[in-house]
Every structure is written in structure tokens, then in C-alpha cells.
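Listed below are the residues making up each chain.
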Amino acid sequence: MLDIKIINGVIIDGSGKDAYKADLGIIGDKITKIGDLSNEDAKTTIDAKGQAVSPGFIDMHTHSDMSLVYDRNASSRIRTGVTTDVIGNCGIGVAPVKEENKQLLLDYLGTRIVGSMPVKLELKWDSYESYIKYMEENPPAVNVAPLLAQGPIRIYEMGFSKEEPTDKELENMVELSDDCMKQGPLGMTSGLVYLPGEYTTQKELVELCKKVAKYDGFYATHMRNEGDEIFEAMDEAIDVARQSGVRLHISHLKCLGYRNFGQTDKLFEKINKAREEGLKVSFDVYPYNAGMTSLSAMLPPWMFEGGVDKMVERLTDEKNRKQIVHDIENGLPGWQNFGGSLRSWDDVTIVSVTQDEDAWMEGMKLTEIAAKWDKDVYNTMFDILYKENGRVQITIVLMDENDVQTILSHPDSMVGSDSMSLATEGLLAKTSTHPRAFGTQAKVLGEFVREKKCFSLEEGVKKLTYNPAQILKIEGRGLLKEGNFADIVIFNPDTIKDMATYKNPKQYPVGIDTVIVNGVVAFEDGKQLEVLPGRFLKNSFASK
């Protein structure tokens with residue numbers, strides 16, 4: 001007898017092939033039969049008439065490292081059809097941890113999306129092994145695909161020193177990375193526009209990635225520049241892959257800044273040329289023209305030497321403030337200058353702060369706060385950062401809609417929300433966000449498939465399922481096939497739509513009917529069930 005039988009649905013298997021009508025049977029955590037199951041008995045039958053049945057969505061780029069610890073329900077994932085979150089992106093992660101540098105890491109996490117929660121962050125582990133053990137003992141509602149973040153590796157060994165590592169320091173970081181990769185992460189990430197990534201040399205990255213390649217992992221990078229020097233940054237990323245033998249994945253591919261709009265053809269030329277050379281290169285994208293980052297990312301890298309506390313202290317010095325203004329208006333070699341890439345400061349909106357007395361800022365443009373305080377935008381930014389100890393998140397309009405559509409429409413693209421899991425109730429309801437945290441997957445299928453007809457429904461599902469599963473190399477997921485894991489979403493292709501907006505981002509999409517994770521129904525009839533069936537998806541070497 002089947003545990004679950006899904007009948008009358010249209011199967012979109014994730015491969016990109018044409019949809020077809022069939023029933024689907026589940027026993028335990030596996031798909032056991034696909035076809036005519038009218039004569040099969042089942043404990044539970046789900047009628048999917050008029051609905052599409054697809055693999056559960058894989059969010060290729062998230063920052064749910066801490067949110068899944070503090071709220072294991074992962075409501076903004078389950079209710080949007082996501083069954084797997086890929087964490088550890090942009091070089092931002094929560095392990096390994098060295099006791100003497102622990103506060104440096106915690107302070108750093110607090111300035112990033114991953115730590116933008118109204119709690120005092122705690123790390124209940126030290127080694128990567130103990131981190132994985134903690135997550136496996138406290139599973140969330142979704143599967144977790146871990147990536148090893150380069151930031152904690154460097155902080156572990158060097159803190160926030162801007163210096164190049166000595167031979168011994170580099171050797172230690174390589175050994176530490178090797179030890180971590182043995183525990184199961186599927187790859188390594190870097191965030192070269194953030195600290196300590198900005199201090200990291202290409203030589204470091206090559207040596208670390210040699211170990212990642214040893215475990216058949218991939219290297220996902222938030223490149224050193226996505227704007228005026230994007231092509232040089234791509235050359236660096238490709239050269240790291242060339243020298244180390246690692247598979248390369250470019251995170252949230254984009255042409256950032258109005259001076260760079262319309263250059264997607266050049267992006268793809270570089271990717272194609274690298275592929276012709278025999279290198280393996282992939283990329284993900286989010287379907288919005290505004291990003292979300294920390295307000296402190298507006299500051300030049302020299303401000304962060306020594307850590308977040310030093311950055312906040314430097315903001316009290318008028319000479320430093322004047323130098324920051326100069327650096328933003330004139331740029332620095334190799335620095336991703338977000339402020340200098342803006343058309344207008346009106347494009348910067350405060351999303352979240354941590355202090356109740358500053359909550360009025362959330363949803364306001366930086367220019368609106370400046371007018372209220374009767375200050376210029378620079379001193380307004382400095383004062384907000386000082387008041388909030390750097391823990392401020394913003395949305396920032398830096399991309400062109402046509403470029404976003406072109407990248408998303410590429411047949412090899414896959415989708416990552418670049419967000420952390422949230423909710424509309426409980427602890428994580430107190431944190432505001434970018435609409436992509438609630439709307440990404442439905443926006444792809446509703447706006448770009450149904451409304452704009454940029455690609456077929458089958459292709460849209462493939463971008464959300466099979467494409468990321470292939471890069472992650474997670475066996476048995478991302479494809480509806482007998483013997484594969486029963487991660488499944490049932491949705492209405494005629495009504496699926498994202499409801500999240502910049503003004504009101506915390507709205508769940510419509511059109512999602514049922515979500516199943518590892519054979520367990522997690523969402524049905526508009527309600528999330530109190531189940532936590534997620535698993536930690538490790539590389540094939542972890543059990544050896």
C-alpha cells in the first residue's frame with residue numbers, strides 16, 4: 001500500500017521535458033511509482049486536478065544559516081514551495097569557530113543578512129563537525145544543503161587582519177578547509193565585496209579551492225566586483241577555477257550600476273569562452289532589479305580592519321567621515337563601490353534595524369531620513385550605522401529589468417532568492433526584508449512564465465529544481481523519478497503569483513497547494529503542518 005497517492009495532476013518532472021498526465025505514489029521518503037495508479041490503495045490520496053506536480057523547489061542561494069536555528073519551521077520556504085535551502089553563501093557562514101575570535105565572527109554576522117534578527121546571536125558549536133551534528137539533531141522543516149563559507153575560515157586564522165597570510169597561516173587555512181570539507185559541505189563560497197573577503201588574495205582562493213575540488217565540490221563566488229570592474233572580476237573567478245580545477249559557480253549574476261546596463265552578452269561570452277576551454281561554469285540569479293545588503297557595505301574596506309567594533313569607532317572621527325565621502329565619490333581600485341554605482345540616493349531604502357527606537361526608519365528611503373534629520377545623506381548613513389552598531393539592512397536598486405530578464409531566461413540559469421527564511425508570526429516576523437524572501441519562486445512562474453512568456457513552464461520549473469540539483473550533486477532530488485526522494489510541490493500554474501512587494505514584503509504567494517518534504521506533507525489547504533522533516537544534505541565523502 002502506498003503512503004501517499006497524488007492523482008489527476010500534470011507531472012512537470014524538472015528535466016525541462018514536456019509535462020504529462022500521471023499519478024504519483026510515495027512510500028516512506030521515496031517516489032515509488034509514476035503512472036496510472038487507479039488500482040493502487042493508499043493511506044492518503046491527494047487530488048491534484050488542474051494542478052502541476054513538480055519537484056520541490058531548491059533555493060540555490062540563501063542566508064538561512066541562523067534563521068533555521070532560531071525558527072526551524074522555515075515558513076517563508078515551505079509556503080513558497082521550497083524544500084531545500086542552500087546556505088553558507090557569499091563567504092558568510094557560522095562555522096568553524098575559534099573561541100578567541102568568536103566575538104569577531106558574531107559581530108560580523110550581525111552586520112549581514114544572516115544575522116539581521118532581533119536576538120543576541122549565539123553559536124552553539126565550534127568545529128564544522130559539531131555544527132553539522134547540531135543541525136542534524138535539530139532539523140528544520142526543509143532540507144539544508146551546506147556550503148563552506150570562506151569568511152569564517154579566514155576569521156578563524158587571521159581575524160580581520162588585512163594582511164596577506166604568511167605561508168604558515170595559509171597552510172593552516174588550507175588544512176582547516178580540508179577538515180571541514182570531510183564533514184560534508186557541497187562546496188565553498190566567497191564574498192569578495194565583504195570583509196574579510198576583500199582582504200583575500202587570488203592565491204588564497206586557489207589553494208583553498210584545490211581542497212574543494214578534491215571533494216568534488218564547487219566554488220560559488222560573490223565576485224570581487226559586479227559593476228564597473230565586473231569583467232576583471234570574472235577573469236579572476238575563472239582563473240581560480242583554472243588553477244585549482246574546481247567547478248565555478250557565479251552567485252547572483254548581474255550587471256550592477258547604471259553605467260553597466262545592457263552588457264549581458266559580454267557576461268555570457270566570458271562564460272562560454274571558459275566552457276570552451278573545458279572549465280565548468282554555472283550561475284544563479286534572482287528575479288528582481290533591487291538587491292539587499294548591509295548599509296555598512298557602502299563603506300570602503302579600510303573601515304573594517306580589526307572588525308566591526310573598529311568600524312563603528314572610526315565613524316566618530318570627522319576625518320574618517322570625510323575620507324569615506326571622498327572614496328565613495330571617487331572610488332578605490334578593486335573596490336565594489338555601491339554608493340558610486342547609484343543613479344540616486346533615493347534608490348537606497350532601510351529594510352531592517354535592530355533597536356526598537358529606530359524601527360520608524362524601516363521602509364524609509366535614506367534621503368527621507370536625511371531630510372527628517374536635516375543632514376546630508378552621508379552623515380545620515382554614518383549616524384544610522386553608529387546608532388545601530390552596523391546592524392542595518394537595505395534594499396538598493398542597482399540593476400536593469402531587461403538585464404535581469406535576459407539572465408533569468410538563459411537556459412542554464414537557476415534561481416536563488418539571496419534571502420533568509422522568515423515568517424509572518426513568531427520571532428522572525430519582527431524582521432523586515434526584501435520581497436524576494438517571500439516571492440522569488442512564484443515570481444518566476446507567475447510573472448516570467450505565465451505573464452511575460454519568457455520561457456515555458458517546464459523550463460521555469462527546471463531552473464528551480466533540476467539545474468541547481470545538478471550543480472549541488474545531491475542525488476535523488478530535483479527530478480520526479482521513481483526511486484528519487486519525495487520532495488514535491490503541487491501548484492496551480494494559472495494562479496501562482498508572488499504577493500510580496502517592497503512596501504509589504506512579508507506576504508506569502510498564492511497558488512501553492514501542497515508541499516511534501518521527504519515524503520512528509522508539510523503544507524496543505526493553506527496551512528503549514530507542525531512537522532520538521534528536513535535533512536542535512538552532505539557530500540558523498542562525509543560518510544567515508
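Relevant structure appears above.
Residues numbered from 1 in each chain as written. Predicted model: local features only at pLDDT ≥ 70, side-chain atom pairs only at ≥ 80, totals over all residues. Heavy atoms only, no water.

*Asks:* Give me the pattern of salt bridges: which residues, what numbers.
*Replies:* Tallied over the full model, the rule gives 28 salt bridges. In this structure, the salt-bridge partner of Glu136 is Lys538, at a minimum N-O distance of 3.0 Å. Within this pair, whereas Glu136 is found in helix α4 (residues 128-137), its partner Lys538 is found in the segment after β23 (527-528), the two being separated by 402 residues in sequence. Salt bridges sharing common partners tie together Asp59, Arg77 and Asp85. (Salt bridge = Lys/Arg side-chain N within 4 Å of Asp/Glu carboxyl O. Helix = DSSP H or I, 4+ residues; strand = E, 2+ residues; numbered from the N terminus.)

*Asks:* Can you lay out unusual backbone geometry for me, pointing to particular residues and giving the numbers?
*Replies:* Geometrically, the link from Ala95 to Pro96 is a cis peptide bond, its omega value of 5 degrees lying close to zero. The omega angle of the peptide bond from Leu195 to Pro196 is 5 degrees, so this bond is cis rather than trans. Structurally, Pro196 can be placed in the loop between β12 (187-191) and α7 (202-214). Residues other than glycine seldom take positive phi values, yet Lys473 does so here, at roughly 60 degrees. By secondary structure assignment, the location of Lys473 is in the loop between α17 (466-472) and β20 (488-491).

*Asks:* Quick rundown of the sheet that holds strand β10 (residues 143-146)? Include the residues and the values.
*Replies:* Note: strands within a sheet are paired through backbone hydrogen bonds, in either parallel or antiparallel orientation. Here we have 3 strands laid out as an open sheet, ordered β8-β9-β10, and parallel in their pairing. The outermost strands of the open sheet, each flanked by one partner alone, are β8 (57-59) and β10. Neighbour-to-neighbour, the strand axes of the sheet open up by a mean angle of 20 degrees, direction not taken into account. Pairing between strand β9 (residues 82-87) and β10: 4 bridges, direction parallel. Pairing of Thr84 across the sheet is with Asn143, part of β10. (Pairing = 2+ DSSP bridges. Axes fitted to C-alpha atoms, helices over the stretch in contact; angles between N-to-C directions.)

*Asks:* Any chance you could break down the packing of helix α12 (residues 366-373) against helix α13 (residues 377-387) for me, citing the residues and the numbers?
*Replies:* Running from N to C, α12 and α13 point in directions that differ by 95 degrees, and their axes come no closer than 9 Å. The orientation of α12 with respect to α13, classified from their angle, is roughly perpendicular. Between α12, through Leu366, Thr367, Ile369, Ala370 and Trp373, and α13, the contact on the second element is made entirely by Val377, Thr380, Met381, Asp383, Ile384 and Lys387. Broken down by class, the residue content of the contact of α12 with α13 amounts to 7 nonpolar, 2 polar and 2 charged. (Parallel < 35°, antiparallel > 145°, perpendicular 65-115°, else oblique. Contact = heavy atoms within 4.5 Å. Nonpolar A, V, L, I, M, F, W, Y, C, P; charged D, E, K, R; others polar.)

*Asks:* Pulling in residues and values, what's your account of the sheet that holds strand β13 (residues 218-222)?
*Replies:* With parallel pairing, 6 strands are arranged side by side in an open sheet as β11-β12-β13-β14-β15-β19. In this open sheet, the two strands that pair with only one neighbour each are β11 (148-149) and β19 (414-415). Both β11 and β12 contribute to a ladder of 2 bridges, which runs parallel. Along β12, the bridge assignment pairs Ala149 with Thr189.

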